[in-house]
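# Coordinate analysis (summary)
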Amino acid sequence: GTRLEDEILRIKQILKAAQIEYEMKDTPMLAGVSLLTENVLSMILKEAVNNVVKHSGATLCSLTIKQTETEVIMEVQDNGTSRPEQLNFRQGHGLQGMKERLEFVNGTLEISLREGTKLIARIPHIVK
Ligand code: ATP
Ligand code: MG
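All values derive from a computational prediction rather than experimental measurement.

The rules we used
Residues numbered from 1 in each chain as written. Chains lettered and ligands numbered in written order. Predicted model: local features only at pLDDT ≥ 70, side-chain atom pairs only at ≥ 80, totals over all residues. Heavy atoms only, no water. 1 Å grid on protein atoms, 1.4 Å probe; cavity = no way out; pocket = protein on both sides within 12 Å on 5 of 7 lines; lining within 4 Å. Points joined across faces, edges and corners; volume = space filled by probe spheres on them. Helix = DSSP H or I, 4+ residues; strand = E, 2+ residues; numbered from the N terminus. Nonpolar A, V, L, I, M, F, W, Y, C, P; charged D, E, K, R; others polar. pLDDT = per-residue confidence, 0-100. Donors = N, O, S within 2.8 Å, 3.2 Å for Na, K, Ca; no water. Buried < 20%, exposed > 50% of the residue type's maximum accessible area, 1.4 Å probe, protein only. Expected span 1.5 Å × (residues − 1). Contact = heavy atoms within 4.5 Å. Near = heavy atom within 4 Å. Polar contact = N/O pair within 3.5 Å; in protein donor to acceptor, adjacent residues only side chain to side chain. Areas by Shrake-Rupley, 256 points an atom, 1.4 Å probe, with all protein chains shown as cover. Sits in = over half its atoms within 2 Å of the grid points. Phe/Tyr/Trp six-rings, centres within 6.5 Å; stacked < 30°, edge-to-face > 60°. Lys NZ or Arg CZ within 6 Å of the ring centre and 35° of its normal.

## Quick notes on the layout of surface pockets
For the largest pocket, the calculated volume is near 510 Å³. Around the largest pocket, the lining comprises 23 residues; the ones closest to its centre are Asn51, His55, Gln86, Leu87 and Leu95. With eight residues, helix H2 (residues 35-56) is the single largest residue contributor to the lining of the largest pocket. Class assignment of the residues belonging to the lining of the largest pocket gives a composition of six nonpolar, 11 polar and six charged.

Put into structure tokens, the structure is as follows:
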């Protein structure tokens with residue numbers, strides 16, 4: 001699996017190559033987050049950014065990673081054009097894959113379409 005920090009470095013390069021500005025809204029000082037959770041977040045981030053590059057036509061992509069006492073929340077927001085009728089969860093594709101991986105760790109995926117696309121992934125903590 002990939003550590004989240006490494007994936008953040010990679011998506012920065014991908015966005016730069018696509019001439020999409022990158023913005024980090026919160027520093028991911030993840031404390032006590034399991035490797036599995038990090039792997040899932042890395043995979044979601046990778047696919048979300050692939051989609052931003054492929055589909056959004058955005059000029060800006062911002063990433064927010066927050067940690068509360070009960071969950072880790074990652075948001076990937078772009079300022080592109082999103083058409084609700086195009087967002088489909090077909091088997092074997094990116095969005096469906098994200099949803100399945102999140103469900104595996106009891107997480108949830110939410111997509112909000114307002115001034116672009118915002119993907120919100122939440123994963124509860126397993127307190128050890
Ligand atoms: P794959 O991920 O398998 O290569 P895909 O990217 O088309 O194919 P999904 O990742 O499941 O499939 O996305 C489904 C559809 O949702 C996309 O084809 C696109 O129309 C739309 N979509 C997803 N993310 C965005 C985005 N950030 N902006 C605009 N449209 C999006
Ligand atoms: Mg995709």
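Let us keep going from here.
## A short note on the confidence of the model for the protein chain
Averaged over every residue, the pLDDT of the protein chain is 92; residues scoring 70 or more account for 95%. Our summary of model confidence lists the complex with pTM equal to 0.94 and ipTM equal to 0.99.

## Description of the coordination of the magnesium ion (ligand 2)
Within the protein, the atoms that donate to the magnesium ion (ligand 2) are Glu47 (OE) and Asn51 (OD1), at distances of 2.1 Å. Of this pair, glutamate 47 and asparagine 51 both sit in helix H2, four residues apart, which is roughly one turn of that helix. The two residues glutamate 47 and asparagine 51 agree in class, both being buried.

## Points about helix H1 (residues 4-17)
Residues spaced three or four apart along an α-helix point in a common direction, a consequence of the helix completing one turn every 3.6 residues. Between its terminal C-alpha atoms H1 stretches 20 Å, which fits the 20 Å expected from 14 residues at 1.5 Å a residue. Elements that come into contact with the buried residues of H1 comprise strand E1 (21-24), H2 and strand E2 (60-67). Glutamine 19 sits one or two residues past H1 and shows a positive phi near 55°.

## A word on the site of ligand 1
In the vicinity of ligand 1, 16 residues are found, and the nearest of them are Asn51, Lys54, His55, Asp78 and Leu95. Asparagine 51 has a polar side-chain atom sitting 2.9 Å from an oxygen atom of ligand 1. Here an oxygen atom of ligand 1 sits 3.0 Å away from a polar atom, N or O, in the side chain of histidine 93. In isolation ligand 1 offers 600 Å² of accessible surface; the protein chains occlude 84% of this area. In this structure, ligand 1 is accommodated by the largest pocket. Among the secondary structure elements, those contributing two or more residues to the shell around ligand 1 are H2 and helix H3 (94-104). Here the shell around ligand 1 takes six residues from H2, the largest share from any one element. Tallied by class, residues from the shell around ligand 1 come to three nonpolar, nine polar and four charged.

## What about the packing of aromatic side chains?
Remark: the centre distance and the inter-plane angle together describe each pair of aromatic rings, the angle taken between the planes. This structure, assessed with the given rule, holds zero aromatic pairs. Seen from the ring of phenylalanine 89, lysine 99 lies directly overhead, with NZ or CZ sitting 5.8 Å from the centre.

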